[in-house]
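Residue-level structure breakdown
So you can see what is in the structure, the chains are spelled out below.
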Amino acid sequence: MALLRVVFAILAGIVISFPSSSATVDWGFVGVMGNNTVINSPSNGTVLVNGIDVMALADKLERFATVVTQLEVRNAELATANSELQSQVRDMKCQMTELYSMLDATPTSCSPCQVGNTSLFTLKQEPFMGRIALSADEKRLYSWMHVLYPTILIWDNTQHPPKIMANFSSGHTKHMYVLVLSSDETHMYTGSEDHTIRVWNNTHNPPTHLRTITMSPYNIRTLIITRDESRAFIGSYTSSIQSLNLVDGTHVSMLSHGGTVTDFVLGASETVLYSASYDSTIRIWDVSTPQGILLHTLTGHTALVNTLALTSDETRLYSGAYDNTIRVWDVQEVPVLLHTVTHHTDRLHSLALASDNHYMYSTSSDGTIRTWNVTQPLPQPINIISTSTPVSSLLLSSDDTRAYGVAQPSEIRAWQVQCP
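1. Focus on the overall build of the protein
Looking only at helices and strands, the protein features 2 helices and 32 strands. Out of the 420 residues belonging to the protein, those deemed buried represent 47%. For the protein, the share of sequence-separated contacts (at least 6 apart) that also reach a separation of at least 24 residues comes to 41%. On the protein, roughly 20100 Å² of surface is accessible, and the fraction owed to carbon and sulfur atoms is 55%.

2. Describing a nonpolar patch on the surface
Together, Ile52, Leu57, Leu61 and Phe64 make up an exposed nonpolar region whose accessible area comes to about 370 Å². When you line up the elements, Leu57 lands in helix H2 (residues 54-102).

3. Topic: the pattern of salt bridges
A complete count under the given rule lists 5 salt bridges for this structure. A salt bridge links Arg227 to Glu270; the shortest N-O distance between them is 3.4 Å. Of this pair, Arg227 sits in the loop between strand E14 (222-225) and strand E15 (231-235) while Glu270 sits in the loop between strand E18 (261-266) and strand E19 (272-277); the two residues are 43 residues apart in sequence, bridging distant segments of the chain. Judged by its relative accessible area of 48%, Arg227 falls in the partly exposed class. What makes Glu270 buried here is its relative accessible area of 17%. Across the pair Arg347 and Asp346 runs a salt bridge, and its minimum N-O distance is 3.9 Å. Look at Arg347 and you get partly exposed, because its relative accessible area is 35%.

4. Considering the sheet that holds E18
Picture the strands of a sheet paired through backbone hydrogen bonds; they go either parallel or antiparallel. Pairing is antiparallel across the open sheet formed by 4 strands, whose spatial order is E18-E19-E20-E21. Pairing within the sheet leaves two strands with one partner each, and these edge strands are E18 and strand E21 (293-298). On average, each strand axis in the sheet is tilted by 25° relative to the strand beside it, whichever way the strands run. Where strand E20 (residues 282-286) meets E21, 5 bridges bridge the pair, whose relative direction is antiparallel. Paired with Ile282 across the strands is Leu298, a residue of E21.

5. Some remarks on the sheet that holds E14
Spatially, 4 strands are ordered E14-E15-E16-E17 in an open sheet, and the strand pairing comes out antiparallel. Both edges of this open sheet fall to E14 and strand E17 (251-253), since each of them pairs with a single strand only. Strand-to-strand twist across the sheet, computed as the mean angle between neighbouring axes with direction ignored, equals 20°.

6. Observations regarding the pairing of strand E11 (residues 187-192)
Within E11, 5 of the 6 residues are buried, leaving the element largely enclosed by the surrounding structure. Note that strand E10 (residues 176-181) and E11 share 5 bridges and pair antiparallel. Within E11, the position partnered with Val178 by the bridge is Gly191. In this structure, the hairpin formed by E10 and E11 is closed by a connection of 5 residues, where Glu185 is found at a positive phi of approximately 65°. Between E11 and strand E12 (residues 196-201), which pair antiparallel and follow one another directly, the connecting turn spans 3 residues, one of which, His195, has a positive phi of 75°.

7. Some thoughts on the confidence of the model for the protein
Averaged over every residue, the pLDDT of the protein is 82; residues scoring 70 or more account for 78%. Low pLDDT, under 50, characterises residues 1-33; the stretch is placed with 48 contacts to residues that sit more than four places away or in other chains.

8. Focus on the pairing of strand E31 (residues 402-407)
Of all the 6 residues making up E31, 5 are buried; the element is thus mostly covered by neighbouring parts of the structure. As paired strands, strand E30 (residues 391-396) and E31 are joined by 5 bridges and run antiparallel to one another. Its bridge partner being in E31, Val391 is matched across the sheet by Ala407. Here E30 folds back onto E31, and the loop between the two strands holds 5 residues, one of which, Asp400, carries a positive phi near 65°. Relative to strand E32 (residues 411-418), E31 runs antiparallel, the two sharing 6 bridges. Within E32, the position partnered with Ala407 by the bridge is Glu411. A loop of 3 residues connects E31 with E32, the two strands running antiparallel in sequence.

9. Structural notes on the side chain of Thr307
For Thr307, the position within the fold is in strand E22 (residues 305-310). From its side chain, Thr307 meets the backbone nitrogen of Leu351 in a polar contact 3.1 Å long.

10. What about the packing of aromatic side chains?
Each aromatic ring pair is characterised by the separation of its centres together with the angle its planes make. Overall, the coordinates contain 2 aromatic pairs when judged by the stated rule. Taken together, a centroid distance of 5.6 Å and an interplanar angle of 65° make the contact between Phe168 and Trp200 edge-to-face. Of this pair, Phe168 sits in strand E9 (residues 163-169) while Trp200 sits in strand E12, placing them 32 residues apart in sequence. Given the relative accessible area of 3%, Trp200 is considered buried. A cation sits over an aromatic face here: Arg347 above Tyr322, 4.8 Å from the ring centre.

11. Overview of the environment of Thr375
Position of Thr375 among the secondary structure elements: in the loop between strand E28 (368-373) and strand E29 (380-386). Sequence separation between Thr375 and Asn357 is 18 residues; the distance between their C-alpha atoms is 7.1 Å. Engagement of the side chain of Thr375 in a polar contact is seen with the side chain of Asn373, the distance being 2.7 Å.

12. Re the environment of Gly130
By secondary structure assignment, the location of Gly130 is in the loop between strand E5 (114-124) and strand E6 (132-134). Since its relative accessible area comes to 9%, Gly130 is described here as buried. Along the backbone, Gly130 and Gln408 are 278 residues apart, and their C-alpha atoms lie at a distance of 8.5 Å. Excluding anything up to four places from it in sequence, Gly130 contacts Trp144, His146, Ser392, Ser393 and Val406.

Each value, and the rule that gives it
Residues numbered from 1 in each chain as written. Predicted model: local features only at pLDDT ≥ 70, side-chain atom pairs only at ≥ 80, totals over all residues. Heavy atoms only, no water. Helix = DSSP H or I, 4+ residues; strand = E, 2+ residues; numbered from the N terminus. Buried < 20%, exposed > 50% of the residue type's maximum accessible area, 1.4 Å probe, protein only. Contact = heavy atoms within 4.5 Å. Areas by Shrake-Rupley, 256 points an atom, 1.4 Å probe, with all protein chains shown as cover. Patch = residues over 30% accessible without salt bridge, like charges linked within 9 Å, V, L, I, M, F, W, Y side chains within 5 Å. Salt bridge = Lys/Arg side-chain N within 4 Å of Asp/Glu carboxyl O. Pairing = 2+ DSSP bridges. Axes fitted to C-alpha atoms, helices over the stretch in contact; angles between N-to-C directions. pLDDT = per-residue confidence, 0-100. Polar contact = N/O pair within 3.5 Å; in protein donor to acceptor, adjacent residues only side chain to side chain. Phe/Tyr/Trp six-rings, centres within 6.5 Å; stacked < 30°, edge-to-face > 60°. Lys NZ or Arg CZ within 6 Å of the ring centre and 35° of its normal.

Right under this line is the structure:
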């Protein structure tokens, strides 16, 4: 609005000088711009365009812009509140069902969120795909070949089933294990066994390579990036965690695990990092400094820990491991193991936590996807679906309405998440 005032002031000055013909009013400058007559009266500072006080109009526009901004903020708050309210309504329905059953009355219908039994689509692409990534608006689905000299596929997810919109070389010379999008999705980062991270301009189709960061002698097994893209944390097969400055490319080693680092979760403040490893432990780090400080080591799993999920309030951490268990940790202060869940009968591959922290989904080598109610410390099983082949990774859309997974060895599948 301040710029609008300046423009009006300039318009009032860029006019043709016109002699005053009135003894009572000093009109100063008069000019014609297009079809509008601009008149400036220096006696009171008023600028008129076809009889309209444009400075007063600018004030009104400024006030309107402020109100619009306030309404946009309020609308976002209401959307969040509405999502929370819907979750509360679902929980109340379930509680009512239990109460009616206790009274031996006819229960009301209670159908918690769960992954649908039938996949929405199946995409087949040889050879093995590895993992997947999804844009926040769900329009783009990213997959990559888990092979030597891997290629990257970008799928147009607005079509049903999705169609390949880009197929291009990753530029890596060994197996590629990770693809991560920046928070604003303008950049894409890929990591490989060839000791490099490649940075891409993701606003192009296909994305264009910007630079390569060499991490030798460390290969890249897992990668997580801060929201402002100033830092990255790299987990490698050599058991080390590297803290990387993305601005100048320098990196330092933090204290390492005793085995390959498999997964990361970064807290909301981005000062606490959670890592999982082949050494059967989870470690919690203070990463407010480049070197990082080891805060806690969580033990209890008896095989490699493959996947982590953290609640948005950072009170509970879930871990899935090759010992067939999901473990629930209270991580508010001094971490405490709350529960060990043993429903799966084979190795855990992935955990996906809904944004409202009410539901969690798990995949396993036992060929199932399980849905859990995690509103209480002990996860309650809700639903189980069988897949023809194990799902090695699972992620949720930003609105939690769809689940996407890689079904071994070479399929991408999507399921509707059904809520009442």
